[in-house]
Amino acid sequence: NGLAEHVSGSVSAFADKMNEKAASLGCTHTHFANPNGLNNANHFTTAHDMALIASEVYQKEQFRKIMDTLEYRIGVTNLTQEERVFQQNHKMLWSENAYYYEYCTGGKTGYTDQAMTTLVTMADNGEMELAAVILYDYGVDAYTDTRAMMDYVFQNFSKVPITKLEQPEEVAKYTSEDAYIVLPNGADTSQVKCEIT
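It should be emphasised that the depicted structure is a prediction, and the values quoted were computed from it without experimental measurement.

Conventions used here
- In every chain, residue numbers begin from 1 and rise along the written sequence.
- Reporting in this predicted model follows two pLDDT cut-offs: at least 70 for local features of residues, and 80 or more for side-chain atom pairs to be given and counted; totals over whole chains, interfaces and linings ignore these cut-offs and use all residues.
- Where side-chain values are given, they derive from all heavy atoms of the structure, hydrogens and water being excluded.
- Think of a salt bridge as a Lys or Arg side-chain nitrogen and an Asp or Glu carboxyl oxygen that are within 4 Å of each other.
- Note on exposure labels: buried denotes an accessible area under 20% of the residue type's maximum, exposed denotes more than 50%, and partly exposed covers the range between, all computed with a 1.4 Å probe on protein chains only.
- Helix and strand assignments come from DSSP, with helices taken as H or I runs of at least 4 residues and strands as E runs of at least 2, each series counted from the N terminus.
- Strand pairing is assigned whenever DSSP detects at least two bridges linking the two strands.
- Between N-to-C directions, angles span 0 to 180 degrees; the directions come from axes that are lines fitted to C-alpha atoms, helices contributing only their stretch in contact.
- Throughout, nonpolar core names a set of buried Ala, Val, Leu, Ile, Met, Phe, Trp, Tyr and Cys residues whose side chains join them through atoms within 4.5 Å.
- Contact criterion: two residues are considered in contact whenever any of their non-hydrogen atoms come within 4.5 Å of each other.
- Each Phe, Tyr or Trp ring, with Trp reduced to its six-membered ring, pairs with another whose centre is within 6.5 Å; inter-plane angles below 30 degrees give stacked pairs, above 60 give edge-to-face pairs, and intermediate values give tilted ones.
- For this analysis, a polar contact is any N or O atom pair within 3.5 Å, provided that within protein one partner can donate a hydrogen and the other can accept it, and provided that sequence-adjacent residues contribute only side-chain to side-chain pairs.
- Given a helix with a known number of residues, its expected span is that number minus one, times 1.5 Å.
- Directions from the helix axis toward the C-beta atoms define the arc.

Colleague: Mind laying out the pattern of salt bridges, listing which residues take part and the relevant values?
Modeller: Across all of its chains, the model carries 2 salt bridges by this definition. We note a salt bridge from Arg-73 to Glu-71, for which the minimum N-O separation is 3.0 Å. With relative accessibility at 33%, the residue Glu-71 sits in the partly exposed group. One salt bridge in this structure joins Glu-83 and Arg-73, with 2.8 Å as the shortest N-O distance. Here Arg-73 lies in strand E1 (residues 71-74) and Glu-83 lies in the loop between E1 and strand E2 (84-87), a separation of 10 residues in the sequence.

Colleague: Please give an account of the sheet that holds strand E5 (residues 129-137) that cites residues and values.
Modeller: Reading across from one edge, E3-E4-E5 is the order of the 3 strands in this open sheet, with antiparallel pairing throughout. A strand with exactly one partner marks an edge of an open sheet, and here the two such strands are strand E3 (104-112) and E5. Strand-to-strand twist across the sheet, computed as the mean angle between neighbouring axes with direction ignored, equals 10°. Two strands pair when backbone bridges link them, and strand E4 (residues 116-124) and E5 are joined in this way by 7 bridges, in the antiparallel orientation.

Colleague: How would you sum up the nonpolar core? Please name residues and give values.
Modeller: Counting residues in hydrophobic clusters, the biggest one holds 14 residues, and the most contacted among them are Tyr-101, Met-150 and Phe-154. Broken down by secondary-structure element, the contributors of at least two residues to this core are E4, E5 and helix H5 (141-156). Take this core: its biggest share by element is 4 residues, from H5. The contact partners of Met-150, leaving out residues within four places of it in the chain, are Tyr-101, Thr-121, Met-122, Ala-123, Leu-130, Ala-131 and Ala-132. The next biggest cluster of nonpolar side chains, apart from the first, holds 8 residues, and it includes Val-11, Phe-14, Cys-27 and Ile-53.

Colleague: Pulling in residues and values, what's your account of the packing of aromatic side chains?
Modeller: By the definition in use, this model includes 5 aromatic pairs. Arranged with centres 5.6 Å apart and planes meeting at 35°, the rings of Tyr-99 and Tyr-143 form a pair that is tilted. With Tyr-99 in the loop between E2 and E3 and Tyr-143 in helix H5, this pair connects stretches of sequence that are 44 residues apart. Among the residues examined, Tyr-99 registers a relative accessible area of 27% and is labelled partly exposed. Ring plane angle 85° and centroid distance 5.6 Å describe the contact between Tyr-101 and Tyr-103, whose orientation is recorded as edge-to-face.

Colleague: Explain the side chain of Thr-117 to me, using residue names and the numbers behind them.
Modeller: Relative to the helices and strands, Thr-117 resides in strand E4. The buried category is assigned to Thr-117, whose relative accessible area is 12%. Here Gly-139 takes part through its backbone nitrogen, which lies 3.0 Å from a polar atom of the side chain of Thr-117. Discounting residues that sit within four places of it in the chain, Thr-117 has contacts with Gly-110, Tyr-111, Ile-134, Leu-135, Tyr-136, Asp-137, Tyr-138, Gly-139 and Ala-142.

Colleague: Would you mind going over the environment of Tyr-58 in detail, with residue names and values included?
Modeller: Mapped onto the fold, Tyr-58 is located in the loop between helix H3 (47-57) and helix H4 (61-67). Separated by 47 residues in the primary sequence, Tyr-58 and Thr-105 place their C-alpha atoms 9.8 Å from one another. The contact partners of Tyr-58, leaving out residues within four places of it in the chain, are Phe-63, Arg-64, Met-67, Thr-105, Met-122 and Glu-129. For Tyr-58, the side chain forms a polar contact with the side chain of Thr-105, separated by 3.0 Å.

Colleague: Can you lay out helix H2 (residues 11-24) for me, pointing to particular residues and giving the numbers?
Modeller: Taking 1.5 Å per residue, 14 residues should reach 20 Å; H2 reaches 20 Å between its end C-alpha atoms and fits that length. Of the residues making up H2, those classed as buried are Val-11, Phe-14, Ala-15, Met-18, Asn-19 and Ala-22. Considered in projection along H2, the buried side chains sweep an arc of 145° and stay on one side of the axis. Summarising the geometry of H2, the exposed residues directed more than 90 degrees from the buried face are Glu-20 and Ser-24.

Put into structure tokens, the structure is as follows:
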């Protein structure tokens, strides 16, 4: 709340900025009422919208650095005579944890009595980067469900560069030679339909 007030003057003004940003990312069923995620009748989202938001923040180098940091220490200060240790709660990042996932690059855990367990997870197997979102789950089931989703996509889908597809005659060149689509493995690329805007 302090950060929201510092940036925007009030919690509600900051939430307005959050809603503007979410809409600009294509979120259609999200409305933020606060910056902390605590329950509020006017505070809601969907797994799809959270994946859009996660994908956007994942592009920020500083966010990736924070997200995959397992432990952070704050030393002794003039107010506290003990070192404080903060640990990452995402179980898929800790190699000694039973829920460890070798491709996990970070994420955000969450829990309230009303929302139950929520989990946003990012993964990268060297071929694809994925965002998985679990909402209203039960404890560690969120990790099992996340792994199942990630494994399914990594095993059954591949990136196909659009430059390898038949180029529509209306297209002179692509703005990015790295652009791709994701298709089921073995899909007939001649069946891909495109819409030119």
